[in-house]
Amino acid sequence: MQTRVDEIADGIYRLSTFVREIEPPAGFVFNQFLVLGEEPLLFHTGHRGMFSQIREAVSRIVPPADLRWITFGHFEADECGSMNDWLAAAPRAQVAHGETACSVSLNDIADRTPRVLANGEVIDLGRGKRVRYLDTPHTPHGWDAGVIYEESTGTLLCGDLFTQLGDGPSLTRGDIVSPAIAAEDLFNYSSLNPAMGATIRELANLEPRTLALMHGSSFEGDGGAALRALADDYDRRSCSRGFDPRANLAA
Ligand SMILES: [Fe+2]
Ligand SMILES: [Fe+2]
């Protein structure tokens, strides 16, 4: 297993590790993203077992000890398994996450006290990079789920949204919605809920120019349209399970 490093937007690096053994023959990738401000931020730490490999990949961009912020979609091994290894390796680093993640898991699990981010709160990383934290509870899964949006590049770091199989290019302008629908059919990984379509449409309103997927190629193009198409598919799934998203909107 090797970790590839590619710049997918100005100062945003995708660290990608392909695992052939998951759902062969297509396989599956695990991606972390480094946002290179004066205060470098890592979105997803990777599994604990991949720590030395991911640290080596980070070192191709910035000295790992200089990392300042660690954040991720939600509390799971691929998102944050090596969080405490990173806190040990980077003495100034601090985990930052939403109120739910901090109170439910991180205040206890993280070796240093995390910074609690309100929904919509911005961390100014310096060098023009600003990341906004957004709560997305139960979307695609995890009560504590959230994403971040880098304002200067219009990049939405989507976490597990649009999860798909295969080892595509680092950046694509092709279809990421159909492969995401196929992977949902296969894995059933989302916590279907009546608010899911509305939660994803809120993200679409950002009109992101780049979508950084944890499991798949990053996408460059009309990110709002891709998110709306994904939201439509989740509304379809919710309706088929007896939820009515329109009732939720009317409430
Ligand atoms: Fe996940
Ligand atoms: Fe994930």
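Not measured: the values here are computed from a predicted model.

K.L.:
Hey, could you run me through helix 1 (residues 51–59) in this one?
P.N.:
It helps to recall that an α-helix has 3.6 residues per turn; residues three or four apart then point in one direction. Inspection of helix 1 places Phe51, Ile54, Ala57 and Val58 among the buried residues, and these make up the whole buried set. Down the axis of helix 1, the smallest arc covering the buried residues is 125°, so these residues share one side. Residues of helix 1 that are buried in the fold lie against strand 1 (3–9), strand 2 (12–19), strand 3 (28–35), strand 4 (41–43) and helix 3 (83–89).

K.L.:
What's the story with the coordination of the iron ion (ligand 1) in this structure? I'm lost.
P.N.:
Around the iron ion (ligand 1), the protein contributes the donor atoms His74 (NE2), Glu76 (OE), His141 (NE2) and Asp160 (OD), which lie 1.9 to 2.2 Å from the metal centre. Coordination at the iron ion (ligand 1) is irregular, judged from the 4 donor atoms that bind it and the angles of 87 to 164° they form at the metal. Binding-site remark: the iron ion (ligand 1) is held by donors from one chain whose sequence spacing is H-x1-E-x64-H-x18-D. The distance between the iron ion (ligand 1) and the iron ion (ligand 2) comes to 3.8 Å, with Asp160 serving as a donor to both metals. With His141 in the loop between strand 9 (129–135) and strand 10 (146–150) and Asp160 in the loop between strand 11 (155–159) and strand 12 (171–172), this pair connects stretches of sequence that are 19 residues apart. Across the pair, Asp160 and His141 agree in class, each one buried.

K.L.:
Hey, could you run me through the packing of aromatic side chains in this one?
P.N.:
The geometry of an aromatic ring pair is captured by two quantities: the separation of the ring centres and the angle between the planes. Applying the stated criterion across every chain, the model contains 3 aromatic pairs. Residues Phe28 and Phe30 carry aromatic rings whose centres are separated by 5.3 Å and whose planes lie at 80° to one another, so their mutual orientation is edge-to-face. A relative accessible area of 8% means that Phe28 is categorised as buried. The class of Phe30 is buried, set by a relative accessible area of 7%. Here the aromatic rings of Phe28 and Phe187 are separated by 5.8 Å at their centres, their planes lie at 75°, and the arrangement is edge-to-face. Taken together, the positions of Phe28 in strand 3 and Phe187 in helix 5 (residues 177–187) put the pair 159 residues apart, joining distant regions of the chain. Since its relative accessible area comes to 30%, Phe187 is described here as partly exposed. By way of ring pairs, the aromatic residues Phe28, Phe30 and Phe187 are connected into one cluster. Lying across the ring of Trp69, Arg68 places its NZ or CZ 4.0 Å from the centre.

K.L.:
Got a minute to help me understand unusual backbone geometry in this structure?
P.N.:
Phi is mostly negative for residues that are not glycine, and the peptide bonds are mostly trans. A cis geometry characterises the amide bond from Pro24 onward to Pro25, with omega recorded as 5°. Looking at the element boundaries, Pro25 is found in the loop between strand 2 and strand 3. Phi at His44 is positive, roughly 85°, even though this residue is not glycine. Here His44 lies in the loop between strand 4 and helix 1. Its relative accessible area of 0% is what places His44 among the buried residues.

K.L.:
Honestly, the sheet that holds strand 2 in this entry has me stumped. Any pointers?
P.N.:
Hydrogen bonds along the backbone pair up the strands of a sheet, which may run parallel or antiparallel. Pairing is mixed across the open sheet formed by 7 strands, whose spatial order is 1-2-3-4-5-6-7. The strands lining the two open edges of the sheet, one partner per strand, are strand 1 and strand 7 (115–117). Within this sheet the neighbouring strands show an average axis-to-axis angle of 25°, counted without direction. Helix 4 (residues 99–109) rests against strand 6 (94–98) and strand 7 of the sheet, and its axis sits at about 115° to strand 6.

K.L.:
Which parts of the structure should I look at to understand the nonpolar core?
P.N.:
Note on soluble globular proteins: their nonpolar side chains tend to be buried together. Ranked by internal contacts, the top residues of the largest apolar core, which has 29 residues, are Leu15, Leu34, Val58, Ile70, Met83 and Trp86. At the level of elements, strand 2, strand 3, helix 1, helix 3 and helix 4 are the ones that each hand at least two residues to this core. Per-element tally for this core: the top contributor is helix 1, with 4 residues.

So, how was this worked out
Residues numbered from 1 in each chain as written. Chains lettered and ligands numbered in written order. Predicted model: local features only at pLDDT ≥ 70, side-chain atom pairs only at ≥ 80, totals over all residues. Heavy atoms only, no water. Buried < 20%, exposed > 50% of the residue type's maximum accessible area, 1.4 Å probe, protein only. Helix = DSSP H or I, 4+ residues; strand = E, 2+ residues; numbered from the N terminus. Arc of directions from axis to C-beta. Contact = heavy atoms within 4.5 Å. Donors = N, O, S within 2.8 Å, 3.2 Å for Na, K, Ca; no water. Tetrahedral: all angles 85-135°; square planar, octahedral: opposite > 155°, others 65-115°. Phe/Tyr/Trp six-rings, centres within 6.5 Å; stacked < 30°, edge-to-face > 60°. Lys NZ or Arg CZ within 6 Å of the ring centre and 35° of its normal. Pairing = 2+ DSSP bridges. Axes fitted to C-alpha atoms, helices over the stretch in contact; angles between N-to-C directions. Core = buried A, V, L, I, M, F, W, Y, C linked by side-chain atoms within 4.5 Å.

Take it as geometry only, folks, not as evidence of what the structure does.
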